[in-house]
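Per-entry structural report
For reference, the chains in residue letters:
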Amino acid sequence: MNFMIRTKKQNPTPVAEPETGRPAGTGEEWLGRNRSSKRRLWERLNPRSRGQIRLIAEALALHQTHAQLPEPLRARLSATIGEIERLVGRAKALLAEVARRTPPGT
């Protein structure tokens, strides 16, 4: 019987660590799960909340753009926004009235 003792091969690739000796990233990054805590929080939110947050972010961006427009254009846009808000309020009141008049179960 011939038995050979095999030694473990040394890994010749250098370790990807900075000069300080600490790993360059977190343990999750080393394992391939490099999602940030903000990303995980975003994924835990339900789709409606994500949609609302995205809508608010877009509205803030548009508001900043609106502030940078020339005065005549800004005045027209403000008037249009006011008109849209008035129509939304009217539609909301109409829908509330329809809901109030509609008997349950129909």
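Residues numbered from 1 in each chain as written. Predicted model: local features only at pLDDT ≥ 70, side-chain atom pairs only at ≥ 80, totals over all residues. Heavy atoms only, no water.

Points about the overall build of the protein
- Helices and strands together make up the secondary structure of the protein, namely 4 helices and 0 strands.
- Within the protein, the fraction of its 106 residues that count as buried is 1%.
- When the accessible surface of the protein is summed, it comes to about 10600 Å², and 59% of that surface belongs to carbon and sulfur atoms. (Helix = DSSP H or I, 4+ residues; strand = E, 2+ residues; numbered from the N terminus. Buried < 20%, exposed > 50% of the residue type's maximum accessible area, 1.4 Å probe, protein only. Areas by Shrake-Rupley, 256 points an atom, 1.4 Å probe, with all protein chains shown as cover.)

Observations regarding the side chain of His-66
- On the secondary structure map, His-66 appears in helix H3 (residues 47-67).
- Of the residues examined, His-66 reaches a relative accessible area of 14% and is grouped as buried.
- Here Arg-74 takes part through its backbone oxygen, which lies 3.4 Å from a polar atom of the side chain of His-66. (Polar contact = N/O pair within 3.5 Å; in protein donor to acceptor, adjacent residues only side chain to side chain.)

So, the pattern of salt bridges
- One pass over the structure, following the stated rule, counts 4 salt bridges.
- Among the ionic pairs, Arg-74 bridges to Glu-71, the shortest N-O distance being 3.7 Å. Within this pair, Arg-74 and its partner Glu-71 are both found in helix H4 (residues 71-101), separated by 3 residues, close to a single helical turn.
- By relative accessible area, which is 27% here, Arg-74 ends up partly exposed.
- The shortest N-O distance in the salt bridge between Glu-97 and Arg-100 comes to 2.5 Å. Separated by 3 residues within a single helix, Glu-97 and Arg-100 lie in helix H4, roughly one turn from each other.
- Residue class for Arg-100 comes out exposed when judged on its relative accessible area of 60%. (Salt bridge = Lys/Arg side-chain N within 4 Å of Asp/Glu carboxyl O.)

From the geometry alone we can't say anything about function, so treat these as descriptive.
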